[in-house]
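Structural features, examined
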Number of protein chains: 6
Amino acid sequence: MRPSKRAVDEMRRVTIERGVLRHAEGSCRIRFGDTEVLCAATLEERVPPWLRGQARGWVTAEYGMLPRATHDRMRREASAGKQSGRTLEIQRLIGRSLRTVVDLEKLGERQITVDCDVIQADGGTRTASITGAWVALHDCIEWMRARSMLSASPLVDQVSAISCGIYDGAPVLDLDYDEDSTADTDANFVLTGSGGIVEIQATAERTPFDRETFDAMLELARAGCSKLFDLQKLAIS
Amino acid sequence: MRPSKRAVDEMRRVTIERGVLRHAEGSCRIRFGDTEVLCAATLEERVPPWLRGQARGWVTAEYGMLPRATHDRMRREASAGKQSGRTLEIQRLIGRSLRTVVDLEKLGERQITVDCDVIQADGGTRTASITGAWVALHDCIEWMRARSMLSASPLVDQVSAISCGIYDGAPVLDLDYDEDSTADTDANFVLTGSGGIVEIQATAERTPFDRETFDAMLELARAGCSKLFDLQKLAIS
Amino acid sequence: MRPSKRAVDEMRRVTIERGVLRHAEGSCRIRFGDTEVLCAATLEERVPPWLRGQARGWVTAEYGMLPRATHDRMRREASAGKQSGRTLEIQRLIGRSLRTVVDLEKLGERQITVDCDVIQADGGTRTASITGAWVALHDCIEWMRARSMLSASPLVDQVSAISCGIYDGAPVLDLDYDEDSTADTDANFVLTGSGGIVEIQATAERTPFDRETFDAMLELARAGCSKLFDLQKLAIS
Amino acid sequence: MRPSKRAVDEMRRVTIERGVLRHAEGSCRIRFGDTEVLCAATLEERVPPWLRGQARGWVTAEYGMLPRATHDRMRREASAGKQSGRTLEIQRLIGRSLRTVVDLEKLGERQITVDCDVIQADGGTRTASITGAWVALHDCIEWMRARSMLSASPLVDQVSAISCGIYDGAPVLDLDYDEDSTADTDANFVLTGSGGIVEIQATAERTPFDRETFDAMLELARAGCSKLFDLQKLAIS
Amino acid sequence: MRPSKRAVDEMRRVTIERGVLRHAEGSCRIRFGDTEVLCAATLEERVPPWLRGQARGWVTAEYGMLPRATHDRMRREASAGKQSGRTLEIQRLIGRSLRTVVDLEKLGERQITVDCDVIQADGGTRTASITGAWVALHDCIEWMRARSMLSASPLVDQVSAISCGIYDGAPVLDLDYDEDSTADTDANFVLTGSGGIVEIQATAERTPFDRETFDAMLELARAGCSKLFDLQKLAIS
Amino acid sequence: MRPSKRAVDEMRRVTIERGVLRHAEGSCRIRFGDTEVLCAATLEERVPPWLRGQARGWVTAEYGMLPRATHDRMRREASAGKQSGRTLEIQRLIGRSLRTVVDLEKLGERQITVDCDVIQADGGTRTASITGAWVALHDCIEWMRARSMLSASPLVDQVSAISCGIYDGAPVLDLDYDEDSTADTDANFVLTGSGGIVEIQATAERTPFDRETFDAMLELARAGCSKLFDLQKLAIS
């Protein structure tokens, strides 16, 4: 029995609330149990310097955590004067994941930045961020379409993410913080709506894992993302 | 007629929702119209180095804004590598205001940090932060009392804050962003429940103001804070 | 009796020495008792990026303190790698105060920066800085007029500043460092030659103050600034 | 045919030269074709603050690249004032990988830092770093054993790493820079000598990949790491 | 004829004014023509961490320049967020020069920091700083002796510095800014009262110089420093 | 007898290996005994902003040290967030030295940056860097000439550098780390092939030195650089 009393293949309750910010071109609040992330998409009519004049756009992401999102207060990164390696790693992952489902030529010379800010953390903040960021990105693109800024949608697929781990030797889906702290392995899977794999990050914390365990986690993740795709569709409908 | 159609002495609708974060010892979400601030109090059993061994505690605050809290996206301070002068100025003001209503000897050698993070900005974020921070601080102290950590409450009074401005020559209460942008003067008043003045910051943007106008703003602020004290009491009851 | 033996409405001896720097377009050394600030105005034929092409100029200020201006040596901000919140707050105040008395359209697309560097500190460095900065600014504008760079003077008024506090329950004018350390309240007033209020910053350090005390401080400040305006006029004549 | 003319399962020539630095407790120069990394292990008789008093040691890594290791000169991170997200990500990966094969209790309260500095880059610098870092770590531990500082070796296994990619639809082993630039997917595998998986990082650059392709890459990586383990053994013998 | 109309071996008028700061344990204002430096010595009853427990003291220096000390305003280093290479180089030179004439054992476990802040720059700021710093250091040590903190003076000699250059092929003494800008070579000499050489920094800006020229500059410097030693003695008498 | 058993005028064995990096336009590995520096020249078709449009080029240098180049590991400057004063001082010296032997007009509007990275340190890293940097610079210029980018060579002379010190009262050539640590004086000489002096930096660590000793060091340096010029010629032939 895992600490959360959930079955090995049971995700936490996931909710997605759209349009939660007045200023952003697209936004949502996504919750995986007690984990809560605010995702806000911003459209800008400019691209990074290295992309200028190439008739292509860019999609990027930034990630942050409120100081008291966690059990113990963490030092504010703005006050520390730099973003941690963990923060940089996560925001690069979110940006890469989103770009895989966007046709940057169709977007035109524009940049969409999706800010993912963790209001409360209970494990799985990066996977919740990716899943919610897609909804904010979708709404930003719809906002542009409503203003006839795009002839065709640059959004080619859905993308979502879920974590798996090994608890007491058994692969389990969607770790919360307590489970993550005791789990042997932390694996994050980013998948597309059409079944493709966008990113796999699987890390043994102490004990290396074997191929069978990895395969089992990948299957759990597939089933989990399938549910997330349904929830995304429901949210945007 | 002011842009918001409000009467000169009419505040926006203010709501305070307590206990919104699972980890923080005290927390609330405060809204002044479309301005929304999340306040979280953290208790730590240590004081800053310069206060060690003096049998006194410390109360401090930090302030931040999500990048898309504003109409145009602002650069994330963690990414810029430093907090702006405006941020530092505001968080110093919040901390000072809270300390005026706390008996630091009674708190003992502990520090309470109140994080005020602006989720959405529409003017008056510093005054909303002070007003909400008091509720989070109150609940943190109640949390300590419930655990018998304090023999007597170190909270000696309420504190709240409200802004005033001069619109079209007339003093008005509680400016929203549109009003603030066009107002001639920006004045912030921090007052205590027992009627004392904790801080006045009144700034002429272009045209200096006169004594009578200032006096009228102070009276508006008194009436406004009086309502805020009632709302704080309601929230903690 | 206040520590300095001065009467409650008695300012320290203030002296202003003009033209103390060879390179600056305007400069002065201002002393309030043992507080000494060097003010240097620099003219540049460019404006900040956000103001370009608007046919308006800009006036700004920077503030610094020599490491041994104070009783105990303070760490050099250049070595610490950043300016403190206090420094940023003060230089923003000086810049705002100066802009209130300048017609930025008449200045044309140019920037004047006034550097206020504290050579020795004994309380009231920000008010001395504002009062001296106005003289340096005035001389910089005269330097431009002598070179026919301006058809009409953009300087529309004088501006000066003075501090007040509450010592032993009584409002007193122009606190020195010892008085400031023991005073209950620190209030800074920035006023114009024609009697307008530019900025009020009044802060209760421990005990909130009441309306009557505040009014008394404002009156002391009016009388004090009146003398400072005379001294400025004397200095530039 | 891949650009390098190598067969899909053919690694570049790998060489490992031990003891290349006079001061380091363990060191090697590892080459994967034109990629060259200098690995240096440093022993310190102290652990990070958060680990003090727990009778356990720590193994960590740092990664850097000489400015002209690459085709175009890259800005020196020391001059830029911060390490890039990529650098932080890689050095965290190296450290994690090494810790999986070290019994930190047996190491005692000491820290081993392995510096991996890229002298020349032609793809696969992170996998070469991990593979070489293990040799430097091994020699550092032997250095300690030769001085009777350890009763038993804390090194429990070998660890090495190799990259795979998808070139023209086919999974290929050990991408060089030209191949990496044109490949659709970049996958890094960190494996142990006893066959366990320590880390998988697989990233679709543009097009998501499917399960079969991933499985094929994993098999290529297993065969590649098997050869790397032989080379490590040869190097330390 | 050199631009300043001075003879090749003619220094600018040098003045040293002692005791110019109220708080510092030793201070002076030194002028070499239009170059003006404020030197302030601070005594602290602690040494840097790496020197603790060795029964020896430390003497160090910091150097800064007010933004408008120069013809064009320079960016404030505190605002730039770091000290320039030139600043660091100069302050290291001043500290080294002072330490050569101090017996650090006799000083005891204390640190003296001499701040050299350039109020106005017209060439030769580093040599003026060294020459003035010695006076501030001397007075700081006298301050300690007056308080019976030292049994014997740790000051073993005088130290001063002067620059030379090559103007129109001829070695000249004590370059001002205009001369320095057009000179081929910039040489700084730090000498002791008893005739020893503490530091030589001679740099060809464009054309290498020969041995004879160097020797001539060294002789000019000897004569110049001889006068500076007299001026130091006069100042402290 | 000096610690290294070398005669007072005996340099360590110096070797220069050219063309050691695949990407750089010029490169070499230079060794002075156990000191090893990698020098890499990079050509860029742009000049620093302040030099634009003047039909002149620029030559500059950067210096770094691998963390374990030294006996004890040094903190990585990229991780510390800034380059030390020592690093900045050395890289400024290398750049100045190289520019003295380059005709910047003939170079055209281009910049050559020479990176000098210390792989292993045993004293004399700055002098080895200058000597090796000249070879890398030479090869970069040859690379340009081979591509007909230059009508005439902008390289007007050779430049090399060597250190001297005073050991046990006697001037000695080319100090290694152990000698440098115990020597009284550290003197670095940068000379040109045609006999000119480019830079002299002579520093008394504790005891001032006299003129005769300085002259003897200069003679030792002349003889040493003479050998280095031969080795440079041999390397590029």
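Heads up: the structure comes first, above all this text.
Everything in this summary refers to the structure shown in the same document. (Residues numbered from 1 in each chain as written. Chains lettered and ligands numbered in written order. Predicted model: local features only at pLDDT ≥ 70, side-chain atom pairs only at ≥ 80, totals over all residues. Heavy atoms only, no water.)

Time to look at the environment of C:Met11. Residues and elements named next belong to chain C. As for its placement among the helices and strands, Met 11 is situated in the segment before β1 (14-18). Distance from Met 11 to Glu 205, taken between C-alpha atoms, is 22 Å for residues 194 residues apart in sequence. Beyond its immediate chain neighbours, meaning those up to four positions away, Met 11 contacts Arg 6, Ile 162, Leu 173, Asp 174, Gly 224, Lys 227 and Leu 228. (Helix = DSSP H or I, 4+ residues; strand = E, 2+ residues; numbered from the N terminus. Contact = heavy atoms within 4.5 Å.)

Okay, the state of the cysteines next. By definition, a disulfide links the sulfur atoms of two cysteine residues through a covalent bond. Residue and element names in this part refer to chain B. On inspection of all chains with the given rule, the structure shows zero disulfides over all chains. Counting only cysteine sulfurs, Cys 116 is the nearest neighbor of Cys 39, a cysteine outside any disulfide, at a range of 4.1 Å. A relative accessible area of 0% means that Cys 39 is categorised as buried. Of all cysteine sulfurs in the structure, the one in Cys 28 sits closest to Cys 140, which takes part in no disulfide; the separation is 13 Å. (Disulfide = S-S within 2.5 Å. Buried < 20%, exposed > 50% of the residue type's maximum accessible area, 1.4 Å probe, protein only.)

Moving on: helix α4 (residues 125-146) of chain D. Residues and elements named next belong to chain D. The terminal C-alpha atoms of α4, which comprises 22 residues, lie 31 Å apart, in line with the 32 Å expected from a rise of 1.5 Å per residue. Across the 22 residues that make up α4, a large majority, 18, are buried. Count one or two residues on from α4 and you reach Ser 148, which has phi positive near 55°. (Expected span 1.5 Å × (residues − 1).)

Take the packing of helix α4 (residues 125-146) of chain A against helix α6 (residues 211-236) of chain A next. All names here are of chain A. Their axes nearest at 10 Å, the elements α4 and α6 cross at an angle of 30°. Judged by the angle between their axes, α4 and α6 are roughly parallel. Relative to α6, α4 is oriented so that their crossing is right-handed. Residues Thr 131, Trp 134, Val 135, His 138 and Asp 139 of α4 touch α6, and the partners they reach there are Leu 228, Gln 232 and Ile 236. Split by residue class, the contact of α4 with α6 holds four nonpolar, three polar and one charged. (Axes fitted to C-alpha atoms, helices over the stretch in contact; angles between N-to-C directions. Parallel < 35°, antiparallel > 145°, perpendicular 65-115°, else oblique. Left-handed = near helix turned anticlockwise from the far one by under 90°. Nonpolar A, V, L, I, M, F, W, Y, C, P; charged D, E, K, R; others polar.)

Glancing now at the relation of the copies chain B and chain A. By a simple turn and slide, chain B fits onto chain A: the slide is 0.0 Å along the axis, the RMSD is 0.0 Å, and the turn is 180°. Here the symmetry operator amounts to a two-fold rotation axis. Among all C-alpha atoms of chain B, that of B:Ala78 lies closest to the rotation axis, at 1.8 Å. A symmetric contact is evident, with 100% of the interface residues of chain B recurring at the interface of chain A. (Least-squares fit on C-alpha atoms with pLDDT ≥ 70 in both.)

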